[in-house]
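The primary structure of each chain is shown beneath.
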Amino acid sequence: MSANVACFFVAALSLFASVSAADSKNNPADELVSVLNTNRTAHKSSILFDNPGLGCIALQYIKAYQGQCGDVGGSKGKKPADSEFTDTFAPNCNVEASTLSPITGRLLGCQTKYVQPNEAFSDILIHNDKSLEILYSKNHTEVGAAVSGSDGGSPYFWCVLFSNGKTNSSFSLSGGVVKTQHPGCYSGNNDDCSGAVVSRGVIAWTLFAGALIAVACVFGL
């Protein structure tokens, strides 16, 4: 392989890496649900149905915080108003408002650094007896999870919503169509989740590196 060919090959790989990062099929929200259900079965609790409509609602729940990590948990913790579920979350997710079911629990966490789903589960979401009580509750029948960075970057929010709805009729999507949401991703819909875990800065720098290598090839630098 000549030096020029090798040079362009490296540049192409760099550019391909950035495109792959922006179009990954990995879904950390699905992985989070898998970890959650594994822990429930180990505790002899039932497996929860991964409802994409509820998952999308969980992502809307995250976005309601508008990147304000300090509003999550603690004495200053806040949560979206109940009216937002029918007025904003459901329409944005293409979920039929009449099929919304009660939320029987939530796990929510936020931090500046992105971590893998299993770490987010054990280190961010499950941190006291109350969260364990929510996790193992027998009132839940279905679950929806979401993860997103603010505008595709830090801080990173993780959210799990539980419901006691009927799995074949709650959080139903109008026309059965799953609505894609970015940045971020939610469980149950097999969507790519580039905006959840890869900041735009990382992709931009990878693209810049590939372009720089290509220029170096042209001018023999």
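Residues numbered from 1 in each chain as written. Predicted model: local features only at pLDDT ≥ 70, side-chain atom pairs only at ≥ 80, totals over all residues. Heavy atoms only, no water.

Named according to an unreviewed UniProt entry, the protein is Ferredoxin-like protein originating from Acorus calamus.

Participant: Sorry if this is basic, but what is going on with the state of the cysteines here?
Facilitator: Working definition of a disulfide: a covalent bond connecting the sulfur atoms of two cysteines. Scanning the entire structure with this criterion turns up two disulfides. Linked covalently through their sulfurs, cysteine 56 and cysteine 93 form a disulfide whose S-S length is 2.1 Å. Given an S-S torsion of about -90°, the disulfide between cysteine 56 and cysteine 93 has left-handed geometry. Note that cysteine 56 is positioned in helix 3 (residues 52–63) and cysteine 93 in helix 4 (residues 83–93), a separation of 37 residues in sequence. Residue cysteine 56 is classed as buried on the basis of its relative accessible area of 0%. Of the residues examined, cysteine 93 reaches a relative accessible area of 1% and is grouped as buried. (Disulfide = S-S within 2.5 Å. Helix = DSSP H or I, 4+ residues; strand = E, 2+ residues; numbered from the N terminus. Buried < 20%, exposed > 50% of the residue type's maximum accessible area, 1.4 Å probe, protein only.)

Participant: For this particular structure, what's the right way to read the pattern of salt bridges?
Facilitator: Two side chains carrying opposite charge are able to pair once their charged atoms lie near each other. What the rule picks out here adds up to one salt bridge. Between aspartate 71 and lysine 78 there is a salt bridge whose closest N-O contact spans 3.9 Å. (Salt bridge = Lys/Arg side-chain N within 4 Å of Asp/Glu carboxyl O.)

Participant: Just checking my understanding: could you explain helix 5 (residues 117–125) for this structure?
Facilitator: For an α-helix, the turn length of 3.6 residues means that residues three or four places apart are oriented alike. Those residues of helix 5 that sit buried are Pro117, Ala120, Phe121, Ile124 and Leu125. Considered in projection along helix 5, the buried side chains sweep an arc of 120° and stay on one side of the axis. Along its buried surface, helix 5 packs onto helix 2 (28–42), strand 2 (103–111), helix 6 (129–136) and strand 4 (153–163). (Arc of directions from axis to C-beta. Contact = heavy atoms within 4.5 Å.)

Participant: For this particular structure, what's the right way to read the packing of helix 2 against helix 5?
Facilitator: Packed helices, taken two at a time, are described by the angle their axes make and the gap between the axes. Following both chains from N to C, one finds helix 2 and helix 5 inclined at 60°, their axes separated by 8 Å at the closest point. When you trace helix 2 past helix 5, the crossing you get is right-handed. Facing Pro28, Glu31, Leu32, Val35, Leu36 and Asn39 of helix 2, the residues of helix 5 in contact are Pro117, Asn118, Phe121 and Leu125. Each residue belonging to the contact of helix 2 with helix 5 can be placed in one class, and the counts come to seven nonpolar, two polar and one charged. (Axes fitted to C-alpha atoms, helices over the stretch in contact; angles between N-to-C directions. Left-handed = near helix turned anticlockwise from the far one by under 90°. Nonpolar A, V, L, I, M, F, W, Y, C, P; charged D, E, K, R; others polar.)

Participant: What is the right way to read the environment of isoleucine 124 from this model?
Facilitator: Along the chain, the position of isoleucine 124 falls in helix 5. A relative accessible area of 9% places isoleucine 124 in the buried class. Between the C-alpha atom of isoleucine 124 and that of leucine 107, which follows or precedes it by 17 residues, the distance is 9.1 Å. Sequence-distant contacts of isoleucine 124, that is, excluding residues within four places in its chain, are made with Gly109, Cys110, Gln111, Val115, Glu119 and Trp158.

Participant: Just to check I follow, could you spell out unusual backbone geometry for this structure?
Facilitator: The phi torsion of most residues other than glycine is negative, and most of the peptide bonds are trans. The step from serine 154 to proline 155 runs through a cis peptide bond, and the omega angle for that step is 0°. Take proline 155: it is sitting in strand 4. At glutamine 66, a position not held by glycine, the phi torsion is positive, near 50°. Counting through the fold element by element, glutamine 66 comes out in the loop between helix 3 and helix 4. Exposure remark for glutamine 66: the relative accessible area of 67% places this residue in the exposed category. One non-glycine residue, asparagine 94, lies in the positive phi region at around 65°. Inspection of the secondary structure assignment puts asparagine 94 in the loop between helix 4 and strand 2.

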